[in-house]
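Okay, here's what each chain looks like letter by letter:
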Amino acid sequence: MTKTKEHAGDTVSLVYQCRLPLSTHTLHYLTDLLRRHLKAIRSRWRALPPGRIAVIVLAVLRQDQRLADMAGGNDISATTIRRWHDELIHLLAAKAPRLDRALKKIARRGGEVVLIDGTFIPTQRRTGEANRPNCSGKHRRHGLHVLALTDEWGRLVWISAARPGRTHDITAARRDRILAHLRAAGLGALADLGFLRLDDEGDDPVVVTGFKATRARRLSSAEKEANRVLAAGRVPVERGFAHLKNWRILTKLRTDPARATRLFHALLVLTNIEATTGN
C-alpha cells in the first residue's frame, strides 16, 4: 500500500493494488486499438501511456471501479478518466458485428442453428418519463432489456440495442427482424416460450420454442419430452449470458440508458476476446 500526496487537514489518500482477472491478450488488444486511434487522430500526448489507460478502463468495466477512485489512484481527474472510458467504449462498440453478418458467418462455418434469449440488466431507478418504461413487472425493478444470440456452444455472436426493462422478448425480436435475418442466412433458432408464436410457419418453422401448457390443455408425454430436449439444447445460451455478466459494471448500471447500447456492444467484443483465450 502506498500513499499519494497529502491533502488539507493532514489526510492522505491510500492506494492499493488488486488483481484484474483478465487475460493479457485482452489488454494488448485494447492497447493496440487505442494506439491506432491516437495515430489516426494525430494525438501526440496523453497524461498516461495507452497501456495504463487500457488497464484503468478494464478495471472500471470488469470490477465496476468508481471513476473517482481510479482518478485518485492515478493522479488524474475523474473527467479525464470518463473521457478515456467513453473513447474506448466507442472504439470497441464499432467492432461489434451486425446481426446479418454474424448469422452469415455462422452459416459459412457450417452452423445450422443459433440460440436466442433475452436478459434483464438492472439499472438505477429512473425519474420522469423514463420511470415506468424501464420498470419491469416481472423482475420488480428498473432495468434494461437486451436480446442476444449465441452459437450452439454458447459463444455470443450478437447483442441487440438496449430497450426499456418492460419490453417482452418477442416484441424485441420482431423489432430486430430476427426471423427475416435467420431465413436470409438459412439458419434455425432455439428459443424459450417467451418467443412463442414468433414464427407462424407450422410446417417448417425457423424458430423452435417448444410447447406451452394451459389450464384447458395439458401437455402430452411426447410434448414434455420435446420440451426437455429443447431445454437441454438451450443451456449454452445461459453460459453466454454468464460470461457477459462477468463484467461487473452490469451489476447495476449507472450510465444513461440511451448510452447503454454502446456499452453492451463493447462488452460483447471484450467477452469474445476473453473466450478465445480460454478464460
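Above: the structure in question.
So, how was this worked out
- Residues numbered from 1 in each chain as written.
- Predicted model: local features only at pLDDT ≥ 70, side-chain atom pairs only at ≥ 80, totals over all residues.
- Heavy atoms only, no water.
- Axes fitted to C-alpha atoms, helices over the stretch in contact; angles between N-to-C directions.
- Helix = DSSP H or I, 4+ residues; strand = E, 2+ residues; numbered from the N terminus.
- Parallel < 35°, antiparallel > 145°, perpendicular 65-115°, else oblique.
- Left-handed = near helix turned anticlockwise from the far one by under 90°.
- Contact = heavy atoms within 4.5 Å.
- Nonpolar A, V, L, I, M, F, W, Y, C, P; charged D, E, K, R; others polar.
- Polar contact = N/O pair within 3.5 Å; in protein donor to acceptor, adjacent residues only side chain to side chain.
- Buried < 20%, exposed > 50% of the residue type's maximum accessible area, 1.4 Å probe, protein only.
- Arc of directions from axis to C-beta.
- Patch = residues over 30% accessible without salt bridge, like charges linked within 9 Å, V, L, I, M, F, W, Y side chains within 5 Å.
- Areas by Shrake-Rupley, 256 points an atom, 1.4 Å probe, with all protein chains shown as cover.
- Salt bridge = Lys/Arg side-chain N within 4 Å of Asp/Glu carboxyl O.
- Lys, Arg positive; Asp, Glu negative; His and termini not counted.
- Charge placed at Lys NZ, Arg CZ, Asp CG, Glu CD.
- Pairing = 2+ DSSP bridges.
- Core = buried A, V, L, I, M, F, W, Y, C linked by side-chain atoms within 4.5 Å.
- 1 Å grid on protein atoms, 1.4 Å probe; cavity = no way out; pocket = protein on both sides within 12 Å on 5 of 7 lines; lining within 4 Å.
- Points joined across faces, edges and corners; volume = space filled by probe spheres on them.

(A) Layout of the packing of helix α1 (residues 24–40) against helix α2 (residues 50–63). Where α1 meets α2, the axes come as close as 9 Å, and the angle between the chain directions of the two elements is 125°. Here α2 runs oblique to α1, going by the angle between their axes. Helix-helix and strand crossings are classified by hand; for α1 and α2 the assignment is right-handed. Taking contact as the criterion, the partners of Thr26, Leu27, Leu30, Thr31, Leu34, Arg35 and Leu38 in α1 are, on α2, Pro50, Gly51, Ile53, Ala54, Val55 and Leu58. Its residues assigned to classes, the contact of α1 with α2 comprises 9 nonpolar, 3 polar and 1 charged.

(B) Spatial organisation of the side chain of Thr119. With respect to the helices and strands, the residue Thr119 is situated in strand β3 (residues 113–122). Here Lys245 takes part through its side chain, which lies 2.7 Å from a polar atom of the side chain of Thr119. The contact partners of Thr119, leaving out residues within four places of it in the chain, are Leu144, His145, Val146, Phe241 and Lys245.

(C) Region of interest: the environment of Ile249. On the secondary structure map, Ile249 appears in the loop between α9 (235–244) and α10 (257–276). Assessed through its relative accessible area of 11%, Ile249 is described here as buried. Ile249 sits 185 residues away from Asp64 along the chain, and the two C-alpha atoms are 4.5 Å apart. Excluding residues that lie within four positions of it along the chain, Ile249 makes contacts with Val60, Leu61, Asp64, His85, Leu263 and Leu267.

(D) Broad picture of helix α5 (residues 99–108). Residues of α5 that are buried: Leu99, Ala102, Leu103 and Ile106. Axial view of α5: buried residues confined to an arc of 95°, hence all on one face. Among the exposed residues of α5, those pointing more than 90 degrees away from its buried face are Arg101 and Arg108. Of the surrounding elements, those touching the buried residues of α5 are β3, β5 (141–150), β6 (156–159) and α7 (178–185). Just downstream of α5, Gly110 is the residue with a positive phi angle, here 95°.

(E) Summary view of a positive patch on the surface. Positive charge collects at one region of the surface, where Arg101, Lys104, Lys105 and Arg108 lie side by side. On the basis of relative accessibility, which here comes to 48%, the residue Lys105 falls in the partly exposed class.

(F) View of the pairing of β5. Within β5, 9 of the 10 residues are buried, which leaves it mostly tucked inside the rest of the structure. Where β3 lies against β5, 8 bridges are found, and the strand directions are antiparallel. Bridge pairing in β5 links Gly118 to Leu147. Relative to β6, β5 runs antiparallel, the two being bridged by 3 bridges.

(G) Focus on the nonpolar core. One finds Leu61, Leu250, Leu253, Phe264 and Leu267 to be the most contacted residues of the largest nonpolar core, which totals 51 residues. Ranked by the residues each element gives to this core, the list is headed by α10, at 9 residues. Of all hydrophobic cores here, the second largest spans 24 residues; its members include Ala102, Phe195, Val206 and Val207.

(H) Fine view of unusual backbone geometry. Phi is positive for Arg177, which is not a glycine, with a value near 55°. Its place among the elements puts Arg177 in the loop between α6 (169–175) and α7. Phi is positive for Arg197, close to 75°, though the residue is something other than glycine. Within the secondary structure, Arg197 is located in the loop between β8 (188–190) and β9 (207–208). A residue is classified by how much of its surface remains accessible, and Arg197, at 59% relative accessible area, is exposed.

(I) How the structure looks around the pairing of β3. β3 sits mainly inside the fold: 9 of its 10 residues count as buried. As paired strands, β3 and β8 are joined by 3 bridges and run parallel to one another. In the sheet register, Val114 faces β8, and the bridge partner there is Ala189.

(J) Main features of the layout of surface pockets. The computed volume of the largest pocket comes to approximately 670 Å³. Secondary structure elements with two or more residues in the lining of the largest pocket: β2 (14–15), α2 and α3 (67–73). Residues that form the lining of the largest pocket fall into these classes: 11 nonpolar, 8 polar and 3 charged. One number sums up the size of the second largest pocket: a volume of about 460 Å³. If you trace the second largest pocket, you find 19 residues lining it, with Leu67, Arg82, His85, Ile249 and Thr255 closest to the centre. The biggest single contributor to the lining of the second largest pocket is helix α4 (residues 78–93), with 4 residues. Class assignment of the residues belonging to the lining of the second largest pocket gives a composition of 7 nonpolar, 3 polar and 9 charged.

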